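Examination of the molecular architecture
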Amino acid sequence: MANVFSEKVILVEGRSDKLQLLTLLDESPEIICTNGTISSVKLEEILNPYVGLPIYAFLDSDKSGEQIRSIVRKEYPEAIHLYTNPMYCEVANTPFKVLASILKRVNIKVKKEFLL
């Protein structure tokens, strides 16, 4: 069941992505890991408890990330897609200040020390 304090859902690929985001967030969205490539059925299962909440897909700039992003676009056309710079490839490898600016642009609160 959804955490009643969550107002947003951020979909990431792995635990390292989640930990990277948790370090800089100044709010408590639900962060869901796909743990790699996922089917539309599995995606629906993990996101079903969060129906009605805004979904942010923050996936890696690689083949696996694009496959997941394609399923998210099809199943959740209302989802907001966030992109890391392809030079970093993975969310987990993206510097905190870069992640913070990406999140801030979509009104996700980040700790002040990570803002440029």
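Residue numbers run consecutively from 1 along every chain, following the written order of its sequence. Predicted model: local features are reported for residues with pLDDT of at least 70 only, side-chain atom pairs are reported and counted for 80 or more only, and whole-chain, interface and lining totals are derived from all residues. Hydrogens and waters are ignored; side-chain quantities use all the structure's heavy atoms.

Strands here are runs of E lasting at least two residues and helices are runs of H or I lasting at least four, both read from the DSSP assignment and numbered beginning at the N terminus. The number of helices and strands found in the chain is four helices and four strands. In the chain, the succession of α and β elements from N to C terminus is β-α-β-α-β-α-β-α. Radius of gyration means the value over C-alpha atoms here, while the globule rule gives 2.2 Å times the residue count to the 0.38 power. A globule of 116 residues ought to have a C-alpha radius of gyration of about 13 Å, and the chain, at 13 Å, matches this closely. In terms of overall dimensions, the chain has a C-alpha envelope of 40 × 35 × 20 Å along the principal axes. Throughout, exposure labels follow a simple rule: accessible area from a 1.4 Å probe, protein chains only, divided by the maximum for the residue type, with under 20% read as buried, over 50% as exposed, and the rest as partly exposed. A burial count over the chain gives 43% of its 116 residues as buried. In this description, contact between two residues means that some pair of their heavy atoms is separated by no more than 4.5 Å. Considering only contacts in the chain between residues 6 or more positions apart, those separated by 24 or more positions represent 59%. Surface accessibility in these figures is a Shrake-Rupley result with a 1.4 Å probe; residues are shielded only by whichever protein chains are displayed. Accessible area of the chain: about 6,500 Å², with a carbon and sulfur share of 54%. None of His or the chain ends enter the tally, which takes Lys and Arg as positive and Asp and Glu as negative. Lys charges are placed at NZ, Arg charges at CZ, Asp charges at CG and Glu charges at CD. Counting 14 positive and 15 negative side-chain charges, the chain places the centres of these two groups 5 Å from one another.

Quick look at the side chain of Arg69 now. Of note, Arg69 is situated in helix H3 (residues 63–75). Among the polar contacts listed, one links the side chain of Arg69 to the backbone oxygen of Leu59, at a separation of 3.2 Å. Setting aside chain neighbours within four positions, we find Arg69 in contact with Ala57, Leu59, His81, Leu82 and Tyr83. Under the rule applied, a polar contact is a pair of N or O atoms within 3.5 Å (in protein, one hydrogen donor and one hydrogen acceptor; residues adjacent in sequence only if both atoms are side-chain atoms).

A separate point is unusual backbone geometry. Despite not being glycine, Cys89 shows a phi value in the positive range, around 65°. Here Cys89 shows up in the loop between strand S4 (80–83) and helix H4 (96–105). The partly exposed category is assigned to Cys89, whose relative accessible area is 28%. Here the phi dihedral of Asn107 falls at roughly 65°; this positive angle occurs in a residue that is not glycine. Residue Asn107 is classed as exposed on the basis of its relative accessible area, which comes to 62%.

A word on the confidence of the model for the chain. Predicted coordinates in regions of low pLDDT should not be interpreted in detail. Values of pLDDT, ranging from 0 to 100, describe the predictor's confidence in every residue of the model. For the chain, mean pLDDT is 92; residues scoring 70 or higher make up 94% of the total. Across the chain, S4 holds the top mean pLDDT of 98, while helix H2 (residues 40–47) sits lowest at 94.

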